[in-house]
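# Structural overview for review
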Amino acid sequence: MSAKIIDGKAVSKVLREKIFNKTNALKEQGIVPGLAVVMVGEDPASKIYVKNKATACQDMGIKSEVIRMPHSTSQDELLDVVEKLNKRKDIHGILVQLPIPNHINEKEVIERINPLKDVDGFHPENVGKLLSGNPYLISCTPYGCLKLIEHYGYKIEGKTAVVVGRSNIVGKPMAVLLLKENATVTICHSHTQNLANITRSADILVVAIRKPNFITGDMVKPGSLVLDVGMNRLANGKLAGDVDYNSVAKVAGWITPVPGGVGPMTITMLLQNTLEAVYEQENLLRK
Ligand code: GUN
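The following paragraphs examine the structure supplied in this document.

Rules behind the numbers
- Residues numbered from 1 in each chain as written.
- Predicted model: local features only at pLDDT ≥ 70, side-chain atom pairs only at ≥ 80, totals over all residues.
- Heavy atoms only, no water.
- Buried < 20%, exposed > 50% of the residue type's maximum accessible area, 1.4 Å probe, protein only.
- Helix = DSSP H or I, 4+ residues; strand = E, 2+ residues; numbered from the N terminus.
- Contact = heavy atoms within 4.5 Å.
- 1 Å grid on protein atoms, 1.4 Å probe; cavity = no way out; pocket = protein on both sides within 12 Å on 5 of 7 lines; lining within 4 Å.
- Points joined across faces, edges and corners; volume = space filled by probe spheres on them.
- Nonpolar A, V, L, I, M, F, W, Y, C, P; charged D, E, K, R; others polar.
- Near = heavy atom within 4 Å.
- Polar contact = N/O pair within 3.5 Å; in protein donor to acceptor, adjacent residues only side chain to side chain.
- Areas by Shrake-Rupley, 256 points an atom, 1.4 Å probe, with all protein chains shown as cover.

## Remarks on helix α7 (residues 171-180)
- In terms of residue burial, α7 counts as a mostly covered element, since seven of its 10 residues are buried.
- Where α7 is concerned, the buried positions are Gly-171, Pro-173, Met-174, Ala-175, Val-176, Leu-177 and Leu-178.
- Looking at the buried residues of α7, the elements they touch are α5 (124-131), α6 (140-151), β5 (160-164), β6 (184-188) and β7 (204-207).
- Downstream of α7 by one or two residues, Asn-182 has phi in the positive range, about 70°.

Written out as structure tokens, the structure reads:
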């Protein structure tokens, strides 16, 4: 058996066409969506992510403003920038690229972002809305995973879902999204015992643990749907997911490749969230 490929690039293209059309419709009403991306320090991976986010905005006709601050930036200086962006009418979305330097308290920065503009979906108010079943802005990577599953017409309801990883950015919101779609959800993490027994029970398996090729073919259920959130740079410079693609693709029914699976969806959902933020702030009905 060989798994069908879940093509995040192709799905992103379809979704971005819709986003482009919606952005144009907004422009006809005199509204240009605006996204501010704040980056503190020189993290090489973050530089690439931020550049990709800005390019994607440009392609969609979304105005993007990248604010680069040195590693020596103080917490107050960063909070000041966030406050100014909170007040600006032309900026609908604010994203502070993580990680930020250790001398700045990440929680305080996230909590300072106006929840209406929190296109990352990291603010406790948005996390709470998701948890209580009434989401507004949803963390982009798990939101993208959900859209991938839906795009291929896979029915989540009643399925057994296992999420490996419990980060605030991916694992926890992913589990809540799957629960909202009526899956029976288990979250596994570094203290989980008999992990393979649990992953083998999964109809839907989402892996986000930053360990290259960790999930192997013997750990997945035949015919299952496997989403690999991992993006690990190997010593030889190649990218590897958290899932051992070659062995798992022989057992699973559906699988995301790395690159080209979940990755492209993250930025697509950021663009989608920016539009959501525009509709909310401009008091427009969602189109
Ligand atoms: N760093 C890695 N992923 C993300 C993300 O989704 N949002 C932000 N703000 N920083 C990140």
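## Notes on empty space enclosed by the protein
- Evaluated as defined, the whole model comprises two cavities of 30 Å³ or more.
- Lining the largest cavity we find Val-96, Leu-98, Val-109, Ile-110, Ile-113, Asp-118, Asp-120 and Phe-122.
- Classifying every residue of the lining of the largest cavity by side-chain character gives six nonpolar, no polar and two charged.

## Observations regarding the environment of Phe-214
- Secondary-structure assignment places Phe-214 in the loop between β7 and β8 (225-228).
- Counting along the chain gives 31 residues from Phe-214 to Tyr-245, while the straight-line C-alpha distance between them is 10.0 Å.
- Sequence-distant contacts of Phe-214, defined by excluding residues within four places in its chain, comprise Leu-195, Ile-209, Met-219, Asp-242 and Val-243.

## Focus: the site of the ligand
- As a matter of local geometry, the ligand sits amid Leu-95, Val-96, Gln-97, Leu-98, Asp-120 and Phe-122.
- Taking Leu-98, its main chain carries an N or O atom lying 2.8 Å from a nitrogen atom of the ligand.
- Take Asp-120: an N or O atom from its side chain is 2.6 Å from a nitrogen atom of the ligand.
- With the chains in place, 82% of the 280 Å² that the ligand exposes on its own is no longer accessible.
- Here the shell around the ligand is built from residues that sort into four nonpolar, one polar and one charged.

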